[in-house]
Amino acid sequence: MVPVDPVIITVAPVGGELSRAEQPNLPLTAEEIGAEVARSAEAGASIVHVHARDEAGEPTQSREAFARIIEAIRARCDIVVQTSTGGSVGMSEAHRSEPLDLRPEMATLTTGTVNFGDEVFQNPFPMVERIFLAMRERGILPEFEIFDSGMVDTALRLVAAHDATPHRLHFDFVLGVPGGMRGSPGAVAFLSSLLPDGATWTATGIGRTHLPVTLAALALGGNVRTGFEDTIYYARGELGASNADLIARVARLTREAGRAVATPAQAREMLGLGDLGGRG
Ligand code: KMH
Ligand code: ZN
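To keep things clear, this report deals only with the structure shown in the data block. Note that the structure is a prediction, hence the values are computed from the model and not measured.

**Examining the layout of surface pockets**
Quantified by volume, the largest pocket comes out at close to 680 Å³. Residue lining of the largest pocket: 32 residues in total, with Glu 17, Phe 116, Val 177, Ile 206 and Glu 229 positioned closest to the centre. Tallied by class, the residues present in the lining of the largest pocket amount to 13 nonpolar, 13 polar and six charged. Looking at the second largest pocket, its volume works out to about 330 Å³. Together, 15 residues line the second largest pocket, and Met 1, Pro 3, Asp 5, Leu 220 and Gly 221 are the ones closest to its centre.

**Some details on the coordination of the zinc ion (ligand 2)**
Within the protein, His 49 (NE2), His 51 (NE2) and Glu 229 (OE) serve as the donor atoms for the zinc ion (ligand 2), at 2.1 Å. Donor residues for the zinc ion (ligand 2), ordered by position in the chain, follow H-x1-H-x177-E. Both residues of the pair, His 49 and His 51, count as buried.

**Considering the pattern of salt bridges**
On inspection of all chains with the given rule, the structure shows 16 salt bridges. Residue Glu 229 is joined to Arg 225 by a salt bridge in which the shortest nitrogen-to-oxygen separation is 3.6 Å. Arg 225 gets classed as buried once you look at its relative accessible area, which sits at 3%. Sharing partners across several salt bridges, the network here consists of Arg 63, Glu 98, Asp 101, Glu 137 and Arg 138.

**Quick word on the site of ligand 1**
Taken together, the residues surrounding ligand 1 are Glu 17, His 49, His 51, Ser 84, Gly 86, Gly 87, Val 89, Thr 108, Phe 116, Phe 121 and Glu 229. In the model, an oxygen atom of ligand 1 is placed 3.1 Å from a nitrogen or oxygen of the His 49 side chain. The separation between an oxygen atom of ligand 1 and a polar side-chain atom of His 51 is 3.1 Å. In the complex, 97% of the free accessible area of ligand 1, which totals 300 Å², lies under the protein chains. According to the grid-proximity analysis, the pocket containing ligand 1 is the largest pocket.

**Comments concerning the pairing of strand β11 (residues 200-205)**
Among the six residues of β11, six are classified as buried, and the element is accordingly described as predominantly covered. Every second residue of β11 is oriented toward a common face, with Thr 200, Thr 202 and Thr 204 on one face and Trp 201, Ala 203 and Gly 205 on the other, all of them buried. Pairing between strand β10 (residues 170-175) and β11: six bridges, direction parallel. Bridge assignment links Leu 175 to a residue of β11, and that residue is Gly 205.

What counts, and at which threshold
- Per chain, residue numbering runs from 1 following the sequence as it is written.
- A letter from A marks each chain and a number from 1 marks each ligand, given out in the order of writing.
- pLDDT decides what is reported in this predicted model: residues at 70 or higher carry local features, side-chain atom pairs at 80 or more are listed and counted, and totals for whole chains, interfaces and linings draw on all residues regardless.
- Based on all heavy atoms of the structure, the side-chain values leave hydrogens and waters out of the count.
- Computed over the protein atoms alone on a 1 Å grid, cavities are sets of points where a 1.4 Å probe fits but cannot get out and pockets are open sets with protein on both sides within 12 Å along at least five of seven lines; a residue lines them when it has an atom within 4 Å of a point.
- Grid points are joined across faces, edges and corners, and a volume is the space filled by probe spheres set on the points.
- The nonpolar class holds Ala, Val, Leu, Ile, Met, Phe, Trp, Tyr, Cys and Pro. Asp, Glu, Lys and Arg form the charged class, and all remaining residues, Gly among them, are polar.
- Excluding water, the donors of a metal are its N, O and S neighbours within 2.8 Å, or within 3.2 Å for Na, K and Ca, and that exclusion means sites may look incomplete.
- Remark: exposure states derive from per-residue accessible area (1.4 Å probe, protein chains only) relative to the maximum for the residue type, with buried under 20%, exposed over 50%, and partly exposed in between.
- We define a salt bridge as a contact between a side-chain nitrogen of Lys or Arg and a carboxyl oxygen of Asp or Glu at a distance within 4 Å.
- Put simply, a residue is near a molecule or strand once any heavy atom of it comes within 4 Å of that molecule or strand.
- Counting of polar contacts relies on pairs of N or O atoms within 3.5 Å, with two restrictions inside protein: one atom must be capable of donating a hydrogen and the other of accepting it, and residues adjacent in sequence are counted only when both atoms are side-chain atoms.
- Only the protein chains shown count as cover for residues, and all accessible areas are computed by the Shrake-Rupley method using a 1.4 Å probe.
- Think of it this way: if more than half of a molecule's atoms are within 2 Å of a pocket's grid points, that molecule is in the pocket or cavity.
- Runs of E in the DSSP output that reach at least two residues are strands. Runs of H or I that reach at least four are helices, and both are numbered from the N terminus.
- Here, strands pair whenever DSSP counts at least two bridges between them.

Without other data, these values stay purely geometric and don't point to any function.
Written out as structure tokens, the structure is:
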């Protein structure tokens, strides 16, 4: 079947693990992130996946830091705001959950524990369930972050156990993390084949897997995420000058693949966000 839906492009501009030593153009302050998100929206992004930094540039999940960033984004553009609940490896559940109090339209939710380089990104089921319920109480659409195939089944089990609210099922395949599932077209095809009818999905390839994962997602009817959180390089050995450059290339590839780039309004409609309460 030929994919016809517009492509929702998500920008992930900062992440919870990187520093300027690795990527000198990483936006860190609320104003820098706001400006970078506005440029990325101009280039075709309709969702921003937000992580925050404190005054020292260190990762934080503080609700105040997220509030400043969301304000800086909202002052510039109408992109869909999706806050992280993953934070950085090692953060507590309570700290990871702080941004939910701001009632963003969307938030991420990783549905399993995974090796993450030399570390372990801990997501035991009872914790995932509590964060899921906190999102539901606040009218926030979860984006299930899938680092390995069992996490799809865990997300479906979670939803089946709490099926009172029939909200949209939306997934993000985060592929190529050392410890997670590989970033290959075959992995994208397999994971998307596991989803029930009506579910929507996006995919991102970490590092050098960015382009194969992007092209597979475009061919298979999915959506695409990228940004410095996922790849600090634009090409082999060439650090990215900006998140907007990465987004602009995905937008070009999308159009060359015969698909349209979704506006924020179209992304909201495709994800059923109008039916939910949250608006960060
Ligand atoms: N920083 C990673 C350990 C998310 O934002 O929800 C987790 C992460 C996922 O980035
Ligand atoms: Zn993240």
